[in-house]
Amino acid sequence: MDFSNLNDYDRKQMEHLIEEKQMKDFMRMYSNLVDRCFDNCVNDFSTKTVTSKENACVNRCVEKFMKLSERASARFAGKYFQNINIIKKYLVMFLRRIILIFNS
């Protein structure tokens, strides 16, 4: 994001708020991943150790989640840039019309 139009104090405040939100989002995602993988993979509480079956399940769960997150991020980025290009296209058309109106 471009905060060049803000003064130094406001820019630092915005950057701090964004960093806080990103950290909260990351912690929420991490917590959801732990909950999901634990619920799906840990079934035997008769021993203190994690069984090889549970360990393999957790590894698959985390790997699947990471791949899904990567794909979702790439998809979101693609849609974001696609939308930005569409907005730019319509903005240019709009500005051209305004110029034509003012020139006539």
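This report concerns the structure included in the present document. (Residues numbered from 1 in each chain as written. Predicted model: local features only at pLDDT ≥ 70, side-chain atom pairs only at ≥ 80, totals over all residues. Heavy atoms only, no water.)

1. Digging into the overall build of the protein chain
Stage number 1. Helix and strand content of the protein chain: two helices and zero strands.
Stage number 2. Across the 104 residues in the protein chain, those meeting the buried criterion constitute 9%.
Stage number 3. In the form shown here, the protein chain has an accessible surface area of approximately 9,600 Å², with 61% of it arising from carbon and sulfur atoms. (Helix = DSSP H or I, 4+ residues; strand = E, 2+ residues; numbered from the N terminus. Buried < 20%, exposed > 50% of the residue type's maximum accessible area, 1.4 Å probe, protein only. Areas by Shrake-Rupley, 256 points an atom, 1.4 Å probe, with all protein chains shown as cover.)

2. What about the pattern of salt bridges?
Stage number 1. Overall, the coordinates contain four salt bridges when judged by the stated rule.
Stage number 2. Asp8 is the partner of Arg11 in a salt bridge, and the nearest nitrogen-oxygen pair spans 2.2 Å. Separated by three residues within a single helix, Arg11 and Asp8 lie in helix α1 (residues 8-41), roughly one turn from each other.
Stage number 3. Exposure remark for Arg11: the relative accessible area of 24% places this residue in the partly exposed category. (Salt bridge = Lys/Arg side-chain N within 4 Å of Asp/Glu carboxyl O.)

3. Some words on the side chain of Glu54
Stage number 1. Looking at where Glu54 falls in the secondary structure, it is placed in helix α2 (residues 52-103).
Stage number 2. No salt bridge forms around the buried Glu54; measuring N to O, its nearest opposite-charge neighbour Lys53 is 8.4 Å away.
Stage number 3. Engagement of the side chain of Glu54 in a polar contact is seen with the backbone nitrogen of Asp44, the distance being 3.2 Å.
Stage number 4. Ignoring any residue separated from it by four or fewer positions in sequence, one finds Glu54 in contact with Cys41, Val42, Asn43, Asp44 and Thr49. (Lys, Arg positive; Asp, Glu negative; His and termini not counted. Polar contact = N/O pair within 3.5 Å; in protein donor to acceptor, adjacent residues only side chain to side chain. Contact = heavy atoms within 4.5 Å.)

4. Some remarks on a nonpolar patch on the surface
Stage number 1. Where nonpolar side chains cluster on the molecular surface, the patch consists of Met23, Phe26, Met27, Met29, Tyr30 and Val34 and spans about 580 Å² of accessible area.
Stage number 2. Tracing the sequence through the fold places Val34 in helix α1. (Patch = residues over 30% accessible without salt bridge, like charges linked within 9 Å, V, L, I, M, F, W, Y side chains within 5 Å.)

5. Here's the deal with the state of the cysteines
Stage number 1. All chains considered together, the criterion is met by two disulfides.
Stage number 2. At a sulfur-sulfur separation of 2.0 Å, the disulfide partner of Cys37 is Cys61. On the sign convention where negative is left-handed, the bridge of Cys37 and Cys61, at about -85° about the S-S bond, is left-handed. Separated by 24 residues along the polypeptide, Cys37 in helix α1 and Cys61 in helix α2 bring together distant segments of the chain.
Stage number 3. Cys37 gets classed as buried once you look at its relative accessible area, which sits at 5%.
Stage number 4. Assessed through its relative accessible area of 15%, Cys61 is described here as buried.
Stage number 5. Sequence-ordered numbering of the disulfide-bonded cysteines in the protein chain gives the connectivity 1-4, 2-3. (Disulfide = S-S within 2.5 Å.)

6. Observations regarding the nonpolar core
Stage number 1. Counting residues in hydrophobic clusters, the biggest one holds six residues: Leu33, Cys37, Cys41, Cys57, Cys61 and Phe65.
Stage number 2. Residue assignment for this core shows that the elements contributing at least two residues are α1 and α2.
Stage number 3. In contact with Leu33, other than residues within four places in its own chain, are Cys61, Val62 and Phe65. (Core = buried A, V, L, I, M, F, W, Y, C linked by side-chain atoms within 4.5 Å.)

7. Digging into α1
Stage number 1. A rise of 1.5 Å per residue sets the reference length of α1, with its 34 residues, at 50 Å; its end C-alpha atoms lie 49 Å apart and thus fit the reference within 8%.
Stage number 2. Looking at α1, one finds that the buried residues are Leu33, Cys37 and Cys41.
Stage number 3. You can read the cap of α1 off the contacts: a side-chain oxygen lies 3.2 Å from the backbone nitrogen of Tyr9, and it is on Asn7. (Expected span 1.5 Å × (residues − 1).)

No statement about biological role is implied by the geometric values presented.
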